[in-house]
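Summary of structural features
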Amino acid sequence: MSFADLGLSDKVLQAVTSAGYTEPTPIQAQAIPHVLARRDVLGIAQTGTGKTAAFTLPMLTMLENGRARARMPRTLILEPTRELAAQVVENFERYGTNHKLNVALIIGGVSFGDQDAKLMRGTDVLIATPGRLLDHFERGKLLLTGVELLVIDEADRMLDMGFIPDIERIVKMVPFTRQTLFFSATMPPEIERLADMFLHNPQRIEVARPASTASTIVQKLVAVGPEGHEKREVLRRLIRGEADLNNGIIFCNRKRDVALLQKSLASHGFNVAALHGDMDQRARTVALDGFRSGEVPLLVASDVAARGLDIPAVSHVFNFDVPHHPEDYVHRIGRTGRAGRAGHAFTLASRADERSLHAIEALIGQPIPWAEGDLASLPESAGEAEPRTRHRGKSGEGARRGRGSGEAARSEPRARRTPRAAPAAGVEAAEAIVAASQPKPAAAKPAAAKPAAPKPPPHPRGERSRDERPQDDRRPSPVRRRNEDEDGETPLGLGAHVPAFLLRPAVIKPRKDD
Ligand code: AMP
C-alpha cells in the first residue's frame, strides 16, 4: 500500500514525499481512510508506530476547506505532556508546509499573552495540555463549540497523570456531533470506559505493541548493591567502558534521583543534562534541545518526562533503576535501536529488583543476560533487600517513604556544562550538598523539626495556571492510579514515619478527686 491509496490530498502527499516516507506504517494505513471518512477511531498504538502522522495527515487534508473563527478552534488535540504537545506541533509544521493553517500550542509554563493572541487570530488546530486549556476556557478566552474533530492522545498516560476528570470536562464542552480520534497504548478498564463514553461506533485499530523489544538492541543486566553511591560508581564505569557510546539516556524512577544523578555525573566530568517533571518549561526545552542536537550527549530522565519523545539515534539507554512497571522498560529501551540501528540497553539491578525483573522478562518473553555476575554474585551485605527501592505491586505496598518525596529539588540542570575533571573529595562533597538539598524521607527527620510549609509564590487570583505548578502538584484525582512523581508509592497517612511524641510512654496521672 502507498500513501497515494489512502485518499490524502495532493498537498499532503507532496509533504509526505518531502519527509522521505515511502510507505505508510500499519496504523497510518489502517486509520487514515477511516479518519477521512469522518469516522471515530479507537487506535491502540504506542509512540514510535507513526501514530502522530496517522491523525495529522488526514486532519491536514480535511482542514483544506473552511476557515477558523476567533477564539473558536476547528480541531483540538489533547496531549498529556508539554513535550508531546510540542512534538505534534512539529508534525504539523513538517507535513503542513504546503498549507496556510493556524496552529496554536497551549501549554503551561509559558505566558498567557502570546497564547491569547493566537486564539484571537483563529486557530485551525489547537494542540493543548488539559490544564492550560481549562485555564484559557475559564478566563473566557476560548470557545470549544466550533470543534469539529477532537483527538485524545496517549489516553492511558492521561489516566496515569490524573487528567481524566479534566478530559471529561473538556469533552462535555465540545459539540456532541464532533468526530473523535482516541489513542492509547494500553486499554485498561478505565480507558475502555472512557472510549465507550467518548466515541460513537468507532473503528477499532490495534497495532502490535512493542512488547517484544527490537532485536537490534543488546540488553544487559548489571548486578549492583542497593546503595546510591555504589550504583553511581557502576554507572560511571559502564559509560566510560562503552567505546561506541555516541549518546545515551539514563532513566531513574524518581525525579529527585534525576536531579541528584545529573549533578553527580556532571561533577565527575560528564557532559549531562536532566529532564524531569519539576523543571520549568525553559529548562526542559534547553535540556532536550541540547541532547537532540548532540551538544549534550547524556540525558538523565524520568519516565514521564521522556515518554513518547521522538529522539532519533540514541546509542545507549541505561536504567539506573529497574522500572516498577514492565511496560516502562519496553518504552525506555525503545529509545535506542530505532529504525534498524544498533542499540545498547544496560539495567542496573539489585536483589530488591528481582520481582520487577521477572515481570519485565515475562513481558518481553525472553531472559535478559547478565553483563558480569548475576544477583547471586553480589556480596551478602549488598544483597539485603533495600526498602527504598522495593516495590511490591501497583498499589505501592512496599515500604512507604515519607512525605516530601514528590518535592524534587528544583536544581538548575547543567545542560550546557562542558566536561571537566573533579577531585573525588569534591565530588562526594557535591553529592552531599545535593543530597542535603533533597527533601528527606520523613523517617529521617527529627520529630521536633516540623517542616514549614513552602510559601506559594504570589500570583494574582485566577491567573495561576494548573500547568505552571510542578507536574506532580496537580489536584489528586479519584481515578489517579499512579503518582506522576514516578515514585509509584504514595505514602498513606504519615507513611513510615512515626512522630517521636507518639512513641513516648503515656503517663496518666490520677485526678485529685479519684
Ligand atoms: P510517532 O509514533 O508518531 O511518534 O512517530 C515515530 C517516528 O516515525 C517519527 O520520527 C516519524 O517521523 C516517523 N514516521 C512516521 N510515519 C512514518 C512513515 N510512514 N515512514 C517512516 N517514518 C515515519
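Cut-offs applied
Residues numbered from 1 in each chain as written. Predicted model: local features only at pLDDT ≥ 70, side-chain atom pairs only at ≥ 80, totals over all residues. Heavy atoms only, no water. Pairing = 2+ DSSP bridges. Helix = DSSP H or I, 4+ residues; strand = E, 2+ residues; numbered from the N terminus. Axes fitted to C-alpha atoms, helices over the stretch in contact; angles between N-to-C directions. Contact = heavy atoms within 4.5 Å. Near = heavy atom within 4 Å. Polar contact = N/O pair within 3.5 Å; in protein donor to acceptor, adjacent residues only side chain to side chain. Areas by Shrake-Rupley, 256 points an atom, 1.4 Å probe, with all protein chains shown as cover. Nonpolar A, V, L, I, M, F, W, Y, C, P; charged D, E, K, R; others polar. Core = buried A, V, L, I, M, F, W, Y, C linked by side-chain atoms within 4.5 Å. Buried < 20%, exposed > 50% of the residue type's maximum accessible area, 1.4 Å probe, protein only. pLDDT = per-residue confidence, 0-100. Salt bridge = Lys/Arg side-chain N within 4 Å of Asp/Glu carboxyl O. Right-handed = clockwise from strand over helix to strand, strands pointing away. Phe/Tyr/Trp six-rings, centres within 6.5 Å; stacked < 30°, edge-to-face > 60°. Lys NZ or Arg CZ within 6 Å of the ring centre and 35° of its normal.

**Structural notes on the sheet that holds strand S10 (residues 272-275)**
Judged by pairing direction, the sheet is parallel, and its six strands sit side by side in the order S8-S13-S12-S9-S11-S10 without closing on themselves. Because the sheet does not close on itself, it has two edges, and the strands there are strand S8 (217-223) and S10. With direction set aside, neighbouring strand axes in the sheet form an average angle of 20 degrees. Where S10 lies against strand S11 (residues 298-302), four bridges are found, and the strand directions are parallel. In the strand pairing of S11, Val272 is matched with Leu298. Across the face of the sheet, helix H10 (residues 228-241) comes into contact with S8, strand S9 (248-252), S11, strand S12 (316-319) and strand S13 (343-349) while running at roughly 160 degrees to S13.

**Some remarks on the site of the ligand**
Around the ligand sit 14 residues in total, of which Tyr21, Gly48, Gly50, Thr52 and Asp310 are the nearest. In the environment of the ligand, a nitrogen atom lies 2.8 Å from a nitrogen or oxygen atom belonging to the side chain of Gln28. With respect to the ligand, the side chain of Thr52 contributes an N or O atom lying 2.5 Å from an oxygen atom. Considered on its own, the ligand offers 500 Å² of accessible surface; in the complex 77% of this is hidden by protein. Tallied by class, residues from the shell around the ligand come to three nonpolar, seven polar and four charged.

**Some points on the nonpolar core**
In this structure, Leu235, Ile239, Ile250 and Leu265 are the most contacted members of the largest nonpolar core, which totals 50 residues. With near-sequence residues (within four places) excluded, Leu235 lies in contact with Ile250, Leu261, Leu265, Phe318, Phe320 and Leu348. Membership of the second largest hydrophobic core comes to 35 residues, among which are Leu8, Val35, Ile77 and Val125.

**Concerning the confidence of the model for the protein**
Detailed conclusions should not be drawn from predicted coordinates in areas where pLDDT is low. For the protein, the average pLDDT comes to 77, and 71% of its residues sit at 70 or higher. Every residue in residues 383-498 is under pLDDT 50, and counting partners more than four places away or in other chains gives 219 contacts.

**Structural notes on the pattern of salt bridges**
Applying the stated criterion to the full structure yields 17 salt bridges. With a shortest N-O distance of 3.7 Å, Arg157 and Asp160 are connected by a salt bridge. Note that Arg157 and Asp160 are positioned in helix H7 (residues 155-160) at a spacing of three residues, about one turn of the helix. The exposure class assigned to Arg157 is buried, which follows from its relative accessible area of 2%. Arg237 is paired through a salt bridge with Glu372; the nearest N and O atoms lie 3.4 Å apart. In this pair, Arg237 is assigned in helix H10 and Glu372 in the loop between helix H15 (354-364) and helix H16 (380-383), connecting sequence segments 135 residues apart.

**Focus on unusual backbone geometry**
A negative phi holds for most residues other than glycine; trans holds for most peptide bonds. At Arg38, a residue that is not glycine, the phi angle is positive and equals roughly 65 degrees. A relative accessible area of 49% means that Arg38 is categorised as partly exposed.

**Quick notes on the pairing of strand S4 (residues 125-128)**
Alternating residues of S4 divide into Val125 and Ile127 and Leu126 and Ala128, and every residue in both groups is buried. Of the pairings in the sheet, the one linking strand S2 (residues 75-78) to S4 comprises four bridges and is parallel in character. Pairing of Leu76 across the sheet is with Leu126, part of S4. With four bridges joining them, strand S3 (residues 103-106) and S4 adopt parallel strand pairing. Bridge pairing links Val103 to Val125 in S4. On the question of chirality, the crossover connecting S3 to the parallel S4 by way of helix H5 (residues 112-121) is right-handed.

**Details of helix H8 (residues 164-173)**
Among all positions of H8, only Ile164, Asp166, Ile167, Ile170, Val171 and Met173 are buried. Among the structural elements, S2, helix H6 (130-138), strand S5 (149-152), H7 and helix H9 (189-198) are those in contact with the buried residues of H8.

**Considerations on the sheet that holds S4**
Strand order in the open sheet formed by seven strands is S3-S4-S2-S5-S6-S1-S7, with parallel pairing between adjacent strands. Of all the strands in the sheet, just S3 and strand S7 (203-206) have a single pairing partner and so form its edges. Averaged over all pairs of adjacent strands, the angle between their axes in this sheet comes to 15 degrees, without regard to strand direction. Strand contacts of helix H2 (residues 26-36): strand S1 (41-44), S5, strand S6 (179-184) and S7, with the helix running at about 165 degrees to S7, the strand carrying the most contacts.

**What to know about the packing of aromatic side chains**
Considering all chains together, one arrives at four aromatic pairs under this definition. Consider the rings of Phe318 and Phe346, whose centres lie 5.7 Å apart with planes at 10 degrees: the pair is stacked. You can see Phe318 sitting in strand S12 and its partner Phe346 sitting in strand S13, a full 28 residues away along the chain. Taken individually, Phe318 and Phe346 each receive the classification buried, so the pair is uniform in this respect. One Lys or Arg, Arg139, reaches over the ring of Phe112 and ends 4.2 Å from the middle of that ring. Here the guanidinium or amino end of Lys231 rests over the ring plane of Phe320, the centre of that ring lying 4.7 Å away.

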